[in-house]
Amino acid sequence: MSLKQKLVALGLSSAVALAGANLIAPTEAPNGEPVLHTYLDPVDIITACFGHTDPELELNQFFSEQQCIEMFAKDLGKADRQLRRLTYPEQLTEGEHAAYLSLIYNFGAGNFQTSTLRKLLLRGERVAACHQLTEACGKHGCNGFVYAADIKLPGLVERRKKERKICLKDLYVEQNH
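Residues numbered from 1 in each chain as written. Predicted model: local features only at pLDDT ≥ 70, side-chain atom pairs only at ≥ 80, totals over all residues. Heavy atoms only, no water.

Peer 1: Describe the overall build of the protein chain, with residues and values.
Peer 2: Across its full length, the protein chain carries eight helices and seven strands. With the C-alpha coordinates aligned to their principal axes, the bounding extent of the protein chain is approximately 55 × 35 × 30 Å. Expressed as a percentage of the 177 residues in the protein chain, the buried residues total 46%. Counting only contacts in the protein chain whose residues sit at least 6 apart along the sequence, the fraction spanning at least 24 positions is 57%. The positive charge centre, built from 20 side chains, and the negative charge centre, built from 21, are 5 Å apart in the protein chain. (Helix = DSSP H or I, 4+ residues; strand = E, 2+ residues; numbered from the N terminus. Buried < 20%, exposed > 50% of the residue type's maximum accessible area, 1.4 Å probe, protein only. Contact = heavy atoms within 4.5 Å. Lys, Arg positive; Asp, Glu negative; His and termini not counted. Charge placed at Lys NZ, Arg CZ, Asp CG, Glu CD.)

Peer 1: I'd like a rundown of the packing of aromatic side chains, residues and numbers included.
Peer 2: One pass over the structure, following the stated rule, counts four aromatic pairs. Taking the centre distance of 5.7 Å and the plane angle of 90° together, the rings of F72 and Y105 count as edge-to-face. Of this pair, F72 sits in helix α3 (residues 65-87) while Y105 sits in helix α4 (residues 94-107), placing them 33 residues apart in sequence. Residue F72 is classed as buried on the basis of its relative accessible area, which comes to 1%. Of the residues examined, Y105 reaches a relative accessible area of 14% and is grouped as buried. Pairing F107 with F145 gives two aromatic rings, centres 5.7 Å apart and planes at 75°, and the pair type is edge-to-face. Of this pair, F107 sits in helix α4 while F145 is found in the loop between β5 (141-142) and β6 (147-148), placing the two residues 38 residues apart along the sequence. Put simply, the rings of F50, F72 and Y105 pair up and form one aromatic cluster. (Phe/Tyr/Trp six-rings, centres within 6.5 Å; stacked < 30°, edge-to-face > 60°.)

Peer 1: Lay out unusual backbone geometry with the relevant residues and their values.
Peer 2: In this structure, the amide linkage connecting Y88 to the following residue, P89, adopts the cis form with an omega of 10°. On the secondary structure map, P89 appears in the loop between α3 and α4. With phi around 60°, C49 is a residue other than glycine that occupies positive phi space. Note that C49 resides in strand β2 (residues 46-49). On the accessibility criterion, C49 (0% relative accessible area) is buried.

Printed below as a string of structure tokens:
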């Protein structure tokens, strides 16, 4: 059974499971396979499985694959509820939903809530909002979504490019000829 199927079996919608399996898991875990123990991420946050963080995690904890999938499903469900609340009343395309879910999973709902990306989205500037994934400007200058603890991470640069591509896939973009 694929990761997407396992997530759907745990009650996630197909769109959320697709985003989790195809966009989030490959960037949060090597080869999309859960890390079955706690470790320090690139900015020294104790993490496990598919990028799961929790104040109760400690180094040298171990988890089964099933525990990791259940934690991932719970984390995805929480991020999805936050996304829906923060983008209401907009009806997101599947691509926008996947991209913004990945961003919230990675950067948190609070950062999404105050972002220029969200402001553009709620004003109906959907293409411009998608482009914010790679062009966001913040305290570090542009591309603020690629920094963690003041460190520019190449993995985040690549993740934001993938998110932008997915975000734009269902939106009509006028081409200049």
